[in-house]
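# Structural overview for review
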Amino acid sequence: MIAEFRKTLCSVGETPHWSSTHFISILVLLTSEKLRMNPLVAAASVIAAGLAVGLAAIGPGMGQGTAAGYAVEGIARQPEAEGKIRGALLLSFAFMESLTIYGLVVALALLFANPFAS
């Protein structure tokens, strides 16, 4: 299957130039062949997986930036409270990062254990 796709990608003797579009196409082909699902459902699953990871990273990324900024500001105002502020900051980073990991789990479920496969 990949060899056939590679033949359509380039002429004989050329090296293929891979882009994100080619990668997504290959992922859709492999997903639809592996699970024997409709190619439209496979394509939608790949797009949904990308959105799940992307959107799951936006909120925690902004939250971590804001939390780090306020932590630096708090340490600048009260240097003696540095240890407590740092501990609370690292704990909040762990909770924020877990949200991103949940997005990754949803994306992997859509790609490899798709509930929409027939």
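The name that an unreviewed UniProt entry assigns to the protein chain is ATP synthase subunit c, chloroplastic, with the source organism given as Elliptochloris bilobata. The UniProt entry for the protein chain carries the following comment under Sequence similarities (unreviewed entry): "Belongs to the ATPase C chain family."

## Let's talk about the side chain of T100
Looking at where T100 falls in the secondary structure, it is placed in helix α4 (residues 82–112). According to the relative accessible area criterion, T100 is buried, its value standing at 17%. In this structure the side chain of T100 is engaged in a polar contact, spanning 3.4 Å, whose partner is the backbone oxygen of A56. Beyond its immediate chain neighbours, meaning those up to four positions away, T100 contacts A56, A57 and P60.

## A short note on the UniProt feature "transmembrane region" (unreviewed entry) in the protein chain
The sites that UniProt annotates as "transmembrane region" (unreviewed entry) are residues 40–58 and 87–113. As a span, residues 40–58 carries 100% helix and 0% strand, and end to end its C-alpha atoms are 27 Å apart. When the span residues 87–113 is considered, its composition is 96% helix and 0% strand, and the gap between its end C-alpha atoms is 38 Å.

## Here's the deal with the environment of Y102
One can find Y102 in helix α4. Residue classification places Y102 among the exposed residues on the basis of a relative accessible area of 54%. Note: C-alpha distance between Y102 and A56 (46 residues apart in sequence) is 7.7 Å.

## Overview of the packing of helix α3 (residues 39–77) against α4
Where α3 contacts α4, the axes come no closer than 8 Å and their chain directions differ by 175°. With respect to α4, the axis of α3 lies roughly antiparallel. Considering only residue class, the contact of α3 with α4 consists of 22 nonpolar, six polar and two charged.

## Some details on a nonpolar patch on the surface
The grouping of I47, L51, L55, I58 and M62 at the surface amounts to a nonpolar patch, some 550 Å² of accessible area in total. Relative to the helices and strands, L55 resides in helix α3.

## Overview of the pattern of salt bridges
Tallied over the full model, the rule gives two salt bridges. Of the charged contacts in the structure, one is a salt bridge between E73 and R77, with a shortest N-O distance of 3.1 Å. Of this pair, E73 and R77 both sit in helix α3, four residues apart, which is roughly one turn of the helix. Its relative accessible area of 35% is what places E73 among the partly exposed residues. Looking at R77, the relative accessible area reads 66%, which means it is exposed. Of the charged contacts, one joins E82 and R86 as a salt bridge, the two residues approaching to 2.5 Å between their closest N and O atoms. Placement of the pair is E82 and R86 together in helix α4, with a separation of four residues, close to one helical turn.

## A word on α3
For α3, built from 39 residues, the straight-helix expectation of 57 Å at 1.5 Å per residue is met to within 8% by its first-to-last C-alpha distance of 57 Å. Listing the buried residues of α3 in full gives A42, S45, V46, A49, A52, A56, P60 and A71.

Cut-off values and rules
Here the residue index of a chain counts from 1 through its sequence in written order. In keeping with the predicted nature of the model, local features appear solely for residues at pLDDT of at least 70, side-chain atom pairs appear and are counted solely at 80 or more, and the whole-chain, interface and lining totals rest on all residues. To obtain the side-chain values, all non-hydrogen atoms of the structure were included, while hydrogens and water were left out. UniProt positions are given in the numbering used here, feature names are shortened, and annotations may be inferred rather than shown by experiment. Think of it this way: any DSSP run of H or I at least four residues long counts as a helix, any run of E at least two long counts as a strand, and we number them from the N terminus. Note on classification: 1.4 Å probe, protein chains only; a residue is buried when its accessible area is under 20% of the maximum for its type, exposed when over 50%, partly exposed between these limits. Definition of a polar contact: a pair of N or O atoms within 3.5 Å, with one able to donate and the other able to accept a hydrogen when the atoms are protein atoms, and with sequence-neighbouring residues admitted only if both atoms are side-chain atoms. In this description, contact between two residues means that some pair of their heavy atoms is separated by no more than 4.5 Å. In this analysis, axes come from line fits to C-alpha atoms, helices being fitted only over the stretch in contact, and the angle between any two N-to-C directions falls in the range 0 to 180 degrees. Any angle that is under 35 degrees is reported as roughly parallel, and any over 145 degrees as roughly antiparallel; angles of 65 to 115 degrees are reported as roughly perpendicular and all others as oblique. Classes in brief: Ala, Val, Leu, Ile, Met, Phe, Trp, Tyr, Cys and Pro nonpolar; Asp, Glu, Lys and Arg charged; the others, Gly included, polar. Surface patches are defined over residues having more than 30% relative accessible area and no salt bridge, joining like charges when they lie within 9 Å and nonpolar side chains (Val, Leu, Ile, Met, Phe, Trp, Tyr) when within 5 Å. In this description, accessible areas are obtained by the Shrake-Rupley approach with a 1.4 Å probe, and a residue is regarded as covered only by the protein chains that are shown. The salt bridge definition used is simple: a Lys or Arg side-chain nitrogen within 4 Å of an Asp or Glu carboxyl oxygen. Expected helix span is taken as 1.5 Å per residue step, with the number of steps being one fewer than the number of residues.

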